[in-house]
Amino acid sequence: MLEEVSAKSEMDQRYPELVRMAYLVLPGDRPRKYRLALARRIVDESLPQRAARNPGKAYVQVRTRVLARSMRPRWRLRIGLGRWLSALPVALPEDAQTDPLVELPPEVRAAYVLRTVEEMPYYVAHDQLVALGVRDARAALNEAAEVGEPAGPIAGLSVVRGPGRRPLLPVAVASVLTVVLIGGIVVTENRHRDALRRAAGEEVAMVGPKAWTHAAHTLAVWPARGDLVSNRTFIAAALTAWLRATALKTHDGAAGGPPRGRAQLLYAGRVDGTPVALLSDGGRVARYVQASGSPTTELFPAPRGGTTPLVLSDRRYLLPPWVLAARASVPGRSSRPVTFEDGVAAVSSADTAGSAECAGGPVLALREPDGEHTVADLNGLALAEVRLPARPPACALPAPDQAVADAAVTEFWTGKLPGGVHGRWLCSRYTYLDGRTVSHATLFENGGDRHATGDCGDVRGGEVSGLWWHPGHGHWYYVAAASEGFKPQVAGKFQDTGREHGLLVAVGPKGSRRPQEPVTLTVRPR
């Protein structure tokens with residue numbers, strides 16, 4: 001009994017801390033009072049029903065549940081907040097204190113709260129993020145460290161633990177009401193596009209065309225589109241193929257097997273005459289193609305966020321419903337408007353790269369209500385978010401060897417090379433779906449020639465690269481450059497070193513053959 005009293009006391013004492021943590025990690029898309037009520041609900045429903053023998057271990061488990069539910073709160077938690085709203089404290093947290101967190105990704109918000117607000121040691125915060133399933137905990141912590149300080153200290157909340165959990169009957173009633181209310185928002189209003197399709201004993205849900213206007217932009221609010229959404233036979237065939245899990249082909253680490261729970265229909269229509277369906281169970285997306293001969297079903301991991309187009313087939317993309325206009329291009333060429341109908345964009349073959357060394361898919365500039373976003377087809381089901389410099393040269397995006405989630409191309413040097421040739425040095429950094437990153441450095445000549453120069457170096461906040469350069473006659477030169485704020489250094493058998501046009505230049509031997517002497521390239525802050 002003494003242990004139970006101690007455990008309960010531990011949870012009571014740390015209840016305000018858990019609520020503050022949930023409040024700060026929750027998305028900032030609702031008024032303060034609703035967000036605080038939602039935070040309290042999350043904490044209340046995360047607490048154990050009985051006291052634990054090990055209060056410290058129990059608290060860590062509760063904290064993990066609270067953070068996980070706060071990072072990506074489910075819709076049902078927003079319904080029936082009455083008893084939590086009625087028990088709010090008089091003083092609510094100030095918006096100015098949470099402004100730095102609003103635009104951050106969920107995992108970075110959590111990292112910021114753990115380190116800056118809760119003042120956890122780095123290794124403890126890292127382990128907590130790993131327990132939450134964050135793919136790159138180190139990157140989240142590094143990004144959180146760069147966020148500005150809040151307008152003032154974020155004080156603890158004057159809240160106390162509420163009454164115990166509700167009996168099961170009201171919870172069941174609330175769940176039913178949740179389904180009804182959500183159905184009123186997200187399930188299509190048209191009778192001929194029935195929200196639930198029975199197929200092989202399972203249900204397929206179709207989201208209404210305006211659902212995304214009432215909720216955060218995620219894959220869960222994409223409406224079902226395509227000219228076959230009312231074709232029950234085709235949708236049943238697509239779902240049955242996934243349910244039977246026969247001849248499934250998985251990509252990018254997606255788990256095999258049938259859908260986990262009810263599947264959501266994202267698309268059912270003819271793409272260049274071929275029936276195609278996209279279905280999602282929340283964690284994965286199935287692409288079913290009913291081509292002549294044997295139909296195929298492929299499984300992919302569900303895209304993080306669900307805010308970029310999905311690949312239906314070659315040069316055919318299903319756009320998010322909030323896209324207003326789109327333009328397509330490949331680096332080095334002018335962009336052109338893309339037509340899309342019922343959410344499907346058809347990109348011309350002229351807007352794809354021809355060289356096998358370059359990414360084959362197009363770059364799409366998407367005009368959305370909050371501005372323009374650039375994405376690129378880089379081997380995944382979902383197009384990758386991409387950041388490009390002004391006037392990117394051809395092949396600024398090298399062909400990836402696996403699906404890319406995020407890409408950033410930066411120009412870290414431009415100027416004249418020995419011999420008078422003008423060049424640009426670019427670094428292309430790719431983040432794969434599993435969180436790993438790779439980089440490719442390329443020196444581009446104005447005449448169109450390009451030279452792969454390895455990776456961009458392991459430089460936090462910068463890039464560095466070098467290569468042997470021959471102007472066509474005379475000496476070879478080892479040239480190297482680094483991004484602003486860094487200075488490259490080389491060690492090797494050189495006659496002299498100096499700088500020309502901001503470029504480190506080391507004079508090597510004469511001759512037509514590339515020197516084989518080893519070169520050590522390092523970098524240091526200026």
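Since the structure is predicted, the reported quantities are computational estimates derived from the model, not experimental observations.

## Examining the packing of helix H7 (residues 122-131) against helix H8 (residues 137-145)
- Following both chains from N to C, one finds H7 and H8 inclined at 125 degrees, their axes separated by 9 Å at the closest point. With respect to H8, the axis of H7 lies oblique. When you trace H7 past H8, the crossing you get is right-handed. Counting all contacts with H7, which are made through Tyr 122, Ala 125, His 126, Leu 129 and Val 130, the residues of H8 involved are Ala 137, Arg 138, Ala 140, Leu 141 and Asn 142.
- Its residues assigned to classes, the contact of H7 with H8 shows seven nonpolar, two polar and one charged.

## Section: the sheet that holds strand E11 (residues 336-337)
- Read from one edge of the open sheet, nine strands run E11-E10-E14-E15-E16-E17-E18-E19-E20, paired in mixed fashion. Edge positions in the sheet fall to E11 and strand E20 (450-452), since each has one partner strand and no second.
- Across nine bridges, the pairing between strand E18 (residues 422-432) and strand E19 (residues 437-445) is antiparallel. Directly across from Gly 423, in E19, lies its bridge partner Glu 445.

## Remarks on unusual backbone geometry
- In this structure, Asp 252 is a non-glycine residue whose phi angle is positive, near 55 degrees.
- Not every positive phi belongs to a glycine, and Asn 379 is a case in point at roughly 80 degrees.
- Within the secondary structure, Asn 379 is located in the loop between strand E15 (371-376) and strand E16 (384-387).

## Focus: the sheet that holds strand E8 (residues 310-313)
- Sheet architecture is open: four strands sit in the order E8-E9-E13-E12, paired in antiparallel fashion. Only two strands of the sheet have a single neighbouring strand rather than two, namely E8 and strand E12 (340-341).
- Bridging between E12 and strand E13 (residues 344-346) involves two bridges; their strand directions are antiparallel. In the sheet register, Glu 341 faces E13, and the bridge partner there is Val 344.

## Some details on the environment of His 440
- Structurally, His 440 is set in strand E19.
- Distance from His 440 to Val 409, taken between C-alpha atoms, is 9.4 Å for residues 31 residues apart in sequence.
- His 440 has contacts with Pro 398, Leu 426, Cys 427, Ser 428, Tyr 430, Gly 454 and Cys 456, leaving out every residue within four places of it along the chain.

## A short note on the state of the cysteines
- Applying the stated criterion across every chain, the model contains two disulfides.
- Covalent S-S linkage joins Cys 358 and Cys 395, the inter-sulfur distance amounting to 2.0 Å. In this structure the cystine formed by Cys 358 and Cys 395 twists about its S-S bond by roughly -115 degrees; its chirality is therefore left-handed. Of this pair, Cys 358 sits in the loop between E13 and strand E14 (363-368) while Cys 395 sits in the loop between E16 and strand E17 (404-416); the two residues are 37 residues apart in sequence, bridging distant segments of the chain.
- Residue classification places Cys 358 among the buried residues on the basis of a relative accessible area of 9%.
- Among the residues examined, Cys 395 registers a relative accessible area of 10% and is labelled buried.
- In the protein, numbering the disulfide-bonded cysteines from first to last in sequence yields the connectivity 1-2, 3-4.

## Some details on the nonpolar core
- Ranked by internal contacts, the top residues of the largest apolar core, which has 45 residues, are Leu 18, Val 43, Leu 47, Val 66, Val 113, Leu 114 and Leu 129.
- Within the residue set of this core, elements represented by two or more residues are helix H1 (2-25), helix H2 (32-46), helix H3 (55-71), helix H6 (106-117), H7 and H8.
- With nine residues, the single largest contributor to this core is H1.
- With sequence-adjacent residues up to four places away left out, Val 113 is seen in contact with Met 21, Leu 24, Val 25, Leu 101 and Glu 118.
- Counting residues in hydrophobic clusters, the runner-up holds 23 residues, among them Ala 211, Val 221, Val 271 and Leu 310.

Thresholds, definitions, all that
Residues numbered from 1 in each chain as written. Predicted model: local features only at pLDDT ≥ 70, side-chain atom pairs only at ≥ 80, totals over all residues. Heavy atoms only, no water. Axes fitted to C-alpha atoms, helices over the stretch in contact; angles between N-to-C directions. Helix = DSSP H or I, 4+ residues; strand = E, 2+ residues; numbered from the N terminus. Parallel < 35°, antiparallel > 145°, perpendicular 65-115°, else oblique. Left-handed = near helix turned anticlockwise from the far one by under 90°. Contact = heavy atoms within 4.5 Å. Nonpolar A, V, L, I, M, F, W, Y, C, P; charged D, E, K, R; others polar. Pairing = 2+ DSSP bridges. Disulfide = S-S within 2.5 Å. Buried < 20%, exposed > 50% of the residue type's maximum accessible area, 1.4 Å probe, protein only. Core = buried A, V, L, I, M, F, W, Y, C linked by side-chain atoms within 4.5 Å.

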